[in-house]
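The residues making up each chain are set out below.
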Amino acid sequence: MSMIITLKKDRKPICHIECLHPPADLYGLPRELSIDSFVSRGNISDISALPQFSVAPAPKCTRDKNEWGRFSTYMHKQDVVAIASFEQCKLYLLPPPKASISCSVNVAYQIGSTCTVDTRPRDCESGSHLAEEDGGHNTIMARGPPNGGDASSSLPKFPPAEDRAHHFTSETCGGIQSHAMKERLPERNFIRADPSYLKTLGQAHSGWIFGGIAELVDNSRDAKATKIDIFVDMIKMKKSGNDVPMLSVIDDGHGMNHDEIMRMVSFGHKKSDYDDKDQIGRFGVGFKTGAMRLGKDVLVLTQTANSRSIAFLSQSLNEGKDNIEIPIVSYCRQGQQMEVDTKAQSHNLAKYNLKAIKEFSPFNKYLIGEKAALFCGGTGTQIYIWNLDEWGSGCCLEWHDGLEGGSSFHQGDIFICSRRSRSRLGQLNQKVPLDYSLRAYLEVIFLVPRMKICVQRKLVKSQPLANFLTKTVIVSGEILRRPVELTLGFSQLEWDQANCGVFLYWHGRLIEAYKRVGGMIHNADVGRGVIGVMDVTNLIDDRDGRVWVHNNKQGFQDCEAYACLEKWLGEKADEYLDTNFDSLNLDEDNCVYKPDCEWVQCDKCRKWRRLPSTFDSRALDTQWFCYMEPFKGKCADAEQKVKPGIVIVSTKRSGYDSTPKGSCSNKVEAVSDATNTDGKLPHSEDVKHQALKRLKRGPSKI
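Residues numbered from 1 in each chain as written. Predicted model: local features only at pLDDT ≥ 70, side-chain atom pairs only at ≥ 80, totals over all residues. Heavy atoms only, no water.

### Some points on the overall build of the protein chain
For the protein chain, the count of helices and strands is twelve helices and 28 strands. Out of the 702 residues belonging to the protein chain, those deemed buried represent 51%. Taking the intrachain contacts of the protein chain between residues at least 6 apart in sequence as the baseline, contacts between residues at least 24 apart amount to 69%. On the protein chain, roughly 33,700 Å² of surface is accessible, and the fraction owed to carbon and sulfur atoms is 50%. (Helix = DSSP H or I, 4+ residues; strand = E, 2+ residues; numbered from the N terminus. Buried < 20%, exposed > 50% of the residue type's maximum accessible area, 1.4 Å probe, protein only. Contact = heavy atoms within 4.5 Å. Areas by Shrake-Rupley, 256 points an atom, 1.4 Å probe, with all protein chains shown as cover.)

### Here we look at the nonpolar core
Core analysis: the biggest nonpolar cluster contains 99 residues, and Ile230, Phe287, Tyr441, Leu442 and Phe503 have the highest contact counts within it. Residue contributions to this core peak at eight residues, all from helix α12 (residues 560-580). Leaving out residues up to four positions away in the same chain, leucine 442 has contacts with Val217, Ile230, Ile453, Val455, Val460 and Ser462. Cys19, Leu33, Phe53 and Val80 belong to the second largest nonpolar core, which has 29 residues in total. (Core = buried A, V, L, I, M, F, W, Y, C linked by side-chain atoms within 4.5 Å.)

### Remarks on the pattern of salt bridges
Within this structure, the stated rule accounts for 19 salt bridges. Here glutamate 67 and arginine 70 are joined by a salt bridge, their closest N and O atoms 3.0 Å apart. Here arginine 70 and glutamate 67 lie together in helix α1 (residues 62-78), a separation of three residues that amounts to about one turn. Accessibility expressed as a relative area gives 9% for glutamate 67, which makes it buried. Note on arginine 70: relative accessible area 34%, which makes it partly exposed. A salt bridge links aspartate 243 to lysine 236; the nearest nitrogen and oxygen atoms lie 3.6 Å apart. Linked by salt bridges that have partners in common, Glu512, Lys515 and Glu566 make up one network. (Salt bridge = Lys/Arg side-chain N within 4 Å of Asp/Glu carboxyl O.)

### A word on unusual backbone geometry
For the peptide bond that leads from glutamate 629 to proline 630, omega is 0°, which places it in the cis range. Its location among the elements puts proline 630 in the segment after β28 (608-611). Positioned with a positive phi, arginine 606 is a non-glycine residue whose angle comes to about 65°. Topologically, arginine 606 is positioned in the loop between β27 (598-601) and β28.

### Description of the confidence of the model for the protein chain
In the predicted model, the protein chain carries a mean pLDDT of 78, and the fraction of residues at 70 or more is 75%. Confidence over residues 142-187 falls short of pLDDT 50; this stretch has 91 contacts with residues more than four positions distant or in other chains. For the stretch residues 651-692, pLDDT sits under 50, and the model shows 78 contacts to residues farther than four places along the chain or on other chains. (pLDDT = per-residue confidence, 0-100.)

### Digging into the sheet that holds strand β22 (residues 470-479)
In any sheet, the strands associate via hydrogen bonds between backbone groups, in a parallel or an antiparallel arrangement. Strand order in this open sheet of five strands is β22-β23-β26-β24-β25, and the pairing throughout is mixed. The outermost strands of the open sheet, each flanked by one partner alone, are β22 and β25 (509-515). Here the strands of the sheet are splayed against their neighbours by 20° on average, with no regard to which way each runs. On top of the sheet, α12 reaches β22, β23 (482-490), β24 (501-506), β25 and β26 (530-535); it is set at about 145° to β22, its chief contact. (Pairing = 2+ DSSP bridges. Axes fitted to C-alpha atoms, helices over the stretch in contact; angles between N-to-C directions.)

### Structural notes on the packing of aromatic side chains
Remark: the centre distance and the inter-plane angle together describe each pair of aromatic rings, the angle taken between the planes. On inspection of all chains with the given rule, the structure shows 14 aromatic pairs. Here phenylalanine 38 and phenylalanine 71 contribute two aromatic rings whose centre-to-centre distance is 6.3 Å and whose plane-to-plane angle is 55°, an arrangement assigned as tilted. Taken together, the residues phenylalanine 38 in strand β3 (residues 32-40) and phenylalanine 71 in helix α1 connect sequence positions 33 residues apart. Taking the relative accessible area as the measure of exposure, phenylalanine 38 reaches 0% and is therefore buried. Where phenylalanine 503 meets tyrosine 514, the ring centres are 4.7 Å apart and the plane angle is 65°; that geometry is what we call edge-to-face. Taken together, the residues span a long stretch of sequence, with phenylalanine 503 in strand β24 and tyrosine 514 in strand β25 at a distance of eleven residues. Accessibility expressed as a relative area gives 2% for phenylalanine 503, which makes it buried. For the cation-ring pair, lysine 239 lies above phenylalanine 360, with the distance from its terminal atom to the ring centre recorded as 4.7 Å. Of note, arginine 419 hangs over the ring of phenylalanine 415, and the distance from its end group to the ring centre comes to 4.2 Å. (Phe/Tyr/Trp six-rings, centres within 6.5 Å; stacked < 30°, edge-to-face > 60°. Lys NZ or Arg CZ within 6 Å of the ring centre and 35° of its normal.)

### A closer look at the side chain of serine 330
Counting through the fold element by element, serine 330 comes out in strand β13 (residues 325-334). Of note is the side chain of serine 330, whose polar atom sits 2.7 Å from the side chain of histidine 258. (Polar contact = N/O pair within 3.5 Å; in protein donor to acceptor, adjacent residues only side chain to side chain.)

### Considerations on the pairing of β26
Of all six residues in β26, five are buried; the element is thus mostly enclosed. Where β23 and β26 come together, five bridges link them in antiparallel fashion. Residue pairing across strands places threonine 487 opposite valine 533, the latter belonging to β26. Judged from the five bridges that link them, β24 and β26 form a sheet pairing that is parallel. Its bridge partner lying in β26, tyrosine 505 is registered against aspartate 535.

### Observations concerning helix α4 (residues 210-222)
Residues separated by three or four positions in an α-helix point in the same direction, a consequence of the helix having 3.6 residues per turn. Here α4 contains 13 residues, and its C-alpha end-to-end distance of 18 Å stays within 8% of the 18 Å for a straight helix at 1.5 Å per residue. Among all positions of α4, only Phe210, Gly211, Gly212, Ile213, Ala214, Glu215, Leu216, Val217, Asp218, Ser220 and Asp222 are buried. Looking one or two places after α4, you find lysine 224, whose phi comes out positive at around 60°. (Expected span 1.5 Å × (residues − 1).)

### A closer look at helix α5 (residues 258-265)
Taken together, the buried positions of α5 are His258, Ile261, Met262, Met264 and Val265. Viewed along the axis of α5, the buried residues span an arc of 160°, placing them on a single side of the element. Two or three places before aspartate 259, at the start of α5, stands the capping residue asparagine 257, its side-chain oxygen 3.2 Å from that residue's backbone nitrogen. (Arc of directions from axis to C-beta.)

### Some points on the pairing of β25
Summarising burial for β25: six of the seven residues are buried, a large majority. Relative to β25, β24 is paired through four bridges, and the arrangement is antiparallel. Its bridge partner being in β25, tryptophan 506 is matched across the sheet by arginine 509. The loop that links β24 with its antiparallel partner β25 comprises two residues; one of these, histidine 507, has a positive phi angle of about 55°.

Here it is as structure tokens:
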């Protein structure tokens, strides 16, 4: 195996050279190599201890032959070493034993004690920088000194008083030798990343593993995906022959080109100054922290209209190494085929990286081809994670495919094995499905769901939570001179599960669920069934670009804005309880209350449509479109919304008659709005309702 490189000095080409069997860790050699200086061989100690390989001239014309002859003659007669460098590597071209136009030379090389984790150039205060990649070095490597020793002890030593640079040009080879002092460049500093850092990344979601899955779902939403599938399958490992579970996350988003996937696997990159209200990603660490929390090894297969890339972030591959290596292989479209993108990496580097992927993963070329066929010529990203985190002797996740058929019960789901509810201030109930059921969590993860989400290949029935409440009140106000809006209402389901609290969204993504405020904190039964929904993007995003959200997107930082928010929410929740719970009675006959408005989502335009109050939502087809009953409209019609300041009064509807006739003595009298199909809300004075029995707050009086 060999590769051709153009050797230059002072930006002038000397000759094309062929690297004979370059070592594996130098497959990222650039296509052009420039000689920086010449140093007397006697002034370099310990150079014989460095690893070596050979290069031979590969002239393409008579001029190349002559220039190589002058170059080799000069090094042979003067006994000097030509020094060239690229990125964190330094090459020493040793003088040949004899001078000729066809002689080969040995090259010693030294890999620096530090590493790059991003191929883009970065400035630092000392004036050092990461070298910009030449030829697309697409294996991100973090290298250190051999055997963990001191890097400075293995570097060739240059005596300061005799550190001379011999400038080489074609004119000096004829016997005219010029010696000039050349100021030495400062040493370049790079980030060192030990493989144990991959495990450290996963600690960001150590408290809740679904936070890692949410990071991957966020990336799909940011990529404008219309559909995402999340499921666990069994796959056979090639080395052990055992079947192991593998988590798959597949979307049909825009996909990523070579530069974008390099940024995704890098351990930090510049945040965009552009603030997109619909963009969730902010910190540049979500993929790494999420994937490493879920499992030890992850393979990413992504495709755009003109490219395809494979990236492998693996603890297994880097086990026992001093630094992290992330193989990446990129392809570009050539007609109807995908060929290796030589602008991103050489064929040898692509072959080396693909070999590493096949050796340390259950994927071979046939399985990779099978997965690539899932794109069906379109775009998207596929993420496969195996060696999943453990719970005892098994996997921390538990998955069920559910029952076949159109039943809405026993749908496929992925559970956290512990089935433990997350700790919340004032909460005594331990039945919170959102905390351990992925399906329940993804139902409410987005404020306005647009993307189709499937868990274990069964569609998740997403719902905009604010639209599925009864006795709804929309409260507007100001916090720190910024407008805010809170939706409060009652949920029969949450009443049955003894839950309550406020759902806080940021950029349309759920950050905190069932946050108890006001009187809810001091008594577990206060506010039972009352749910609040609020988007706090305008309040939490500071005007100077700072974001008061934790990097794992599972909570808010302790800041003035959040403290004022808690106080305001407590006041409004208590006012709602005082006003509405005194006038609403949930009697002992288990009367079931429908939401004020029921909504359905079109499977084509993904817009939400309001259903008439007399329509039984259980009669809807599994796939529903705007032209169907009862909307009978078009996808182009505007989406209906409830305006701020409007109070919606709930009614008991026959569509939810779950009790025997005559069993409920205190029925709610409501004005029928069967003709109300234009989206208008009923007037509160037209609806007669009975009061809710006030719940006890605190100990009873003696």
